[in-house]
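What the coordinates show
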Amino acid sequence: MKVTLTVKADELKIAQLLSKFAEKYRMAYKLNRQAEGYLLTAELNSEDFGELIRRLNHLKEVQFKIEEIRGGGMLDKFNVSLTRTNVDALIGKEGLAKTDIDPLDGGVVKVNGEIWLSRSADECLIKEGSKVRVIRIEGVTLIVEGVSEK
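Residues numbered from 1 in each chain as written. Predicted model: local features only at pLDDT ≥ 70, side-chain atom pairs only at ≥ 80, totals over all residues. Heavy atoms only, no water.

**Looking at the packing of aromatic side chains**
Here is the rule: The rule is short: rings of Phe, Tyr and Trp, with Trp giving its six-membered ring, pair when the centres are within 6.5 Å, and they are stacked under 30 degrees, edge-to-face over 60, tilted in between. For the purposes of this entry, the term helix denotes a DSSP run of H or I that reaches at least four residues, the term strand denotes a run of E that reaches at least two, and both are numbered from the N terminus. For each residue, the accessible area found with a 1.4 Å probe, counting protein chains only, is set against the maximum for its type, and the residue is called buried under 20%, exposed over 50%, and partly exposed in between.
For the coordinates displayed, the defined rule picks out one aromatic pair. Both rings, one in Phe21 and one in Tyr25, keep their centres 4.4 Å apart while their planes meet at 25 degrees; by these two values the pair is stacked. Separated by four residues within a single helix, Phe21 and Tyr25 lie in helix α1 (residues 11-25), roughly one turn from each other. Phe21 sits in the buried class, given a relative accessible area of 0%.

**Description of helix α2 (residues 46-57)**
Stated precisely, the cut-off is as follows: Every helix has an expected span of 1.5 Å times one less than the residues it contains.
For α2, built from twelve residues, the straight-helix expectation of 16 Å at 1.5 Å per residue is met to within 8% by its first-to-last C-alpha distance of 18 Å. Taken together, the buried positions of α2 are Ser46, Asp48, Phe49, Gly50, Glu51, Leu52, Ile53 and Leu56.

**Overview of α1**
Selection rule: In this context, the arc is that of the directions from the helix axis out to the C-beta atoms. The contact rule is simple, with two residues in contact once any of their heavy atoms fall within 4.5 Å. Within 3.5 Å is the distance limit for a polar contact, defined as a pair of N or O atoms, with the added protein rule that one can donate a hydrogen and the other accept it, and that residues adjacent in sequence qualify only through two side-chain atoms.
Given a rise of 1.5 Å per residue, 15 residues ought to cover 21 Å, and the 21 Å separating the end C-alpha atoms of α1 matches this to within 8%. Here α1 has its buried residues at Ile14, Leu17, Leu18, Phe21, Ala22 and Tyr25. Down the axis of α1, the sector holding all buried residues measures 125 degrees, keeping them to one side. With respect to the buried face of α1, the exposed residues turned more than 90 degrees away are Leu12, Lys20, Glu23 and Lys24. Contact partners of the buried residues in α1: β1 (2-8), β2 (28-33), β3 (38-43) and α2. Put simply, Asp10 is the residue that caps the front of α1, since its side-chain oxygen is 3.3 Å from the backbone nitrogen of Leu12. Looking one or two residues beyond α1, the residue adopting positive phi is Arg26, at roughly 55 degrees.

**A word on the pattern of salt bridges**
We count it as follows: The salt bridge definition used is simple: a Lys or Arg side-chain nitrogen within 4 Å of an Asp or Glu carboxyl oxygen.
Counted according to the given criterion, the structure contains ten salt bridges. Glu68 is the partner of Arg70 in a salt bridge, and the nearest nitrogen-oxygen pair spans 2.9 Å. Two residues, Glu138 and Arg136, come together in a salt bridge whose shortest N-O distance is 3.0 Å. On the basis of relative accessible area, Glu138 is assigned to the partly exposed category, the value being 34%. A single network of salt bridges, built from pairs that share partners, joins Glu94, Lys131, Arg133 and Glu145.

**Points about the nonpolar core**
Formally: Side-chain atoms within 4.5 Å are what join buried Ala, Val, Leu, Ile, Met, Phe, Trp, Tyr and Cys residues into a set we call a nonpolar core.
Met27, Leu44, Leu52 and Leu56 are the most contacted members of the largest nonpolar core, which totals 21 residues. Counting residues per element, the ones that place at least two in this core are β1, α1, β3 and α2. Broken down by element, this core gets its largest block of residues, six residues, from α1. Among all residues touching Met27, those that are not within four sequence positions of it are Leu18, Phe21, Ala22, Ala42, Glu43, Leu44 and Leu52.

Here it is, written out as structure tokens:
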């Protein structure tokens, strides 16, 4: 399939990503500089398209727009899954209780190197230093459960 995207990203980062991706997934691409950003034209398997988009999403400060997709009957074979971003990506992650997490007052946890306010999902006290897993997010508060260490 042939995909055309406009990409706004750091030149070095996009060049490195495309070089590594092309080597691993046997993608042919052309990157042309435009007034604002780049025009990326890539030929790749439809099964790898989702992975390319996922990797573009992981670049810092990147913006991209899919301009055109051509591939005939291959288009209905997309293997694209939604990538959770921002705080949604924290759901299911494990972290560490930095304070006791009281059922009434909550507490503080560290997940992915960031400090967050938290509350217990099951209204139980979670001790400081315990492993926790993020169940959901309410506003700016992570709702967590204790993880038994095995």
